[in-house]
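Summary of structural features
So the chains spell out like this:
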Number of protein chains: 2
Amino acid sequence: MADDALFEFLHMEIVSHIYKEQQSGKGEMDNKDRAVCVSVLEGMGFRVGQGLIERLTRDSPSFKDELDIMKFICKDFWTKVFRRQVDNLRTNHQGTYVLQDNKFSMLTQLSSGKQYLDQAPKYLAFSCGVVRGALSNLGMESVVTAEVSVMPSCKFQVVIQKL
Amino acid sequence: MADDALFEFLHMEIVSHIYKEQQSGKGEMDNKDRAVCVSVLEGMGFRVGQGLIERLTRDSPSFKDELDIMKFICKDFWTKVFRRQVDNLRTNHQGTYVLQDNKFSMLTQLSSGKQYLDQAPKYLAFSCGVVRGALSNLGMESVVTAEVSVMPSCKFQVVIQKL
C-alpha cells in the first residue's frame, strides 16, 4: 500500500517540478511550454516502460502476433503497473488499438467527474510513455495518446507505426 | 514487485533529469551545481515523506516522546517505504540519532562495494528528504544526512532542531 503511495506521491512531485521549471520566469504557459512538459514526462515514462517490460517478460514465452502482445499489455502489464486490467480493448485490425480503463490508477487521486478535466493531460503523459516504452521493447513502435471524458475513466489510443 | 520497480525506475529517471537539467550548457558540474540538485531532490522527498506519514499514522495512537517517534520511523515507516526495518538505531539522548540500514533499498540497484561510491549521494538525497518530511509532520524539525562507506549499507544521521 505505502509502496503505491510512494510512487504516486513521487509522480505528483515530478509533474509539479517539470511544470514549474518550464514556467519559471514566465507568467502564463503557452501551448508550446505545455508540449515541452508533456514530452519530458512522456520520455521518462518511455524509459520506465522499457525497464518494466524487460523484467515482466523475462520468463514469458514469446508472443505469436501483435494482438497477442496487446493482450499481454492489457492484462499482465496493466495489472502490475496500474493495478487492474484494462476494461476494454478494441482494434480496427489495422494497427490501431483503443484501451479503455474505467478507473485509471493515475487519476484516482484526483477528484472524479469533470471539474479538473483540464488537469488530466499532465498526469497521463508519463503513463502514455510507459505504454509506448513497453511496446517498443517488444518490437512495436507506436504513438500513444490518452483521452479523458469523465475522470477517473481513461481511453488510450495506440497507433502502431508500420515500417 | 513491479510496483517497487515502477518507483525505482521513476526515481532513477528523476535523478538523471535533475542532474542533466542543472548541467545543461556547462561542461563540468561544480559543487554548487551538485548542491542545487541535492536540494531539489531533497525537497521532493520532503513533501513525499509528509504525505506518506500522514497516511501511515492515520490510525496510530499518539506517540509518547521523541524516542517513540524515532522507533516508529525505524520500524513501521521504514518497512513501508524502504521495505525493511532499520538494522540499528543509536542516540546520544541529546537529539542526535543514527539509523543504520545494512541493505538500503535505494542502493541495492547499484553495484555493491566501493566502485560507485561517489554516485551514492545522488540516490540518497530524496530519501533524506522523505525522513525529514515524515519527522516534520510529526512535529520534529530536523536535519537529515546520509553517509555510505560500503554499498548497499547506509547510515542516516538525524539531528533534531530544538526550538
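Just above, that's the structure.
We now turn to the structure provided with this report. (Residues numbered from 1 in each chain as written. Chains lettered and ligands numbered in written order. Predicted model: local features only at pLDDT ≥ 70, side-chain atom pairs only at ≥ 80, totals over all residues. Heavy atoms only, no water.)

Nonpolar side chains tend toward joint burial in soluble globular proteins. Judged by nonpolar contacts, the single largest core of 100 residues is most densely connected at Leu99(A), Leu107(A), Leu99(B) and Leu107(B). If we ignore the near neighbours within four places in the chain, the residues touching Leu107(A) are Ala120(A), Tyr123(A), Leu124(A), Val148(A), Met151(A), Pro152(A), Ser153(A) and Cys154(A). (Core = buried A, V, L, I, M, F, W, Y, C linked by side-chain atoms within 4.5 Å. Buried < 20%, exposed > 50% of the residue type's maximum accessible area, 1.4 Å probe, protein only. Contact = heavy atoms within 4.5 Å.)

A word on the sheet that holds strand E1 (residues 88–91) of chain A. Residue and element names in this part refer to chain A. The four strands lie next to each other as E1-E2-E4-E3, forming an open sheet whose pairing is antiparallel. Both edges of this open sheet fall to E1 and strand E3 (142–147), since each of them pairs with a single strand only. Strand-to-strand twist of the sheet, defined as the mean angle between neighbouring strand axes without regard to direction, takes the value 15°. Across the sheet, helix H3 (residues 66–82) touches E1, strand E2 (96–101) and strand E4 (154–160), and the angle it forms with E2 is around 15°. Packing against the sheet, helix H4 (residues 120–137) makes contact with E3 and E4, and its axis sits at approximately 150° to E3. (Pairing = 2+ DSSP bridges. Helix = DSSP H or I, 4+ residues; strand = E, 2+ residues; numbered from the N terminus. Axes fitted to C-alpha atoms, helices over the stretch in contact; angles between N-to-C directions.)

The next subject is the relation of the copies chain A and chain B. Each copy of the sequence occupies a distinct position, and chain A is placed on chain B by a rotation of 180° and an axial shift of 0.0 Å, giving an RMSD of 0.0 Å. Between the two chains, the operation in question is that of a two-fold axis. Taking C-alpha positions as reference, the residue of chain A nearest the rotation axis is Phe7(A), located at 2.4 Å. In this assembly, 100% of the residues forming the interface of chain A have copies in chain B that are likewise at the interface, indicating an isologous arrangement. (Least-squares fit on C-alpha atoms with pLDDT ≥ 70 in both.)

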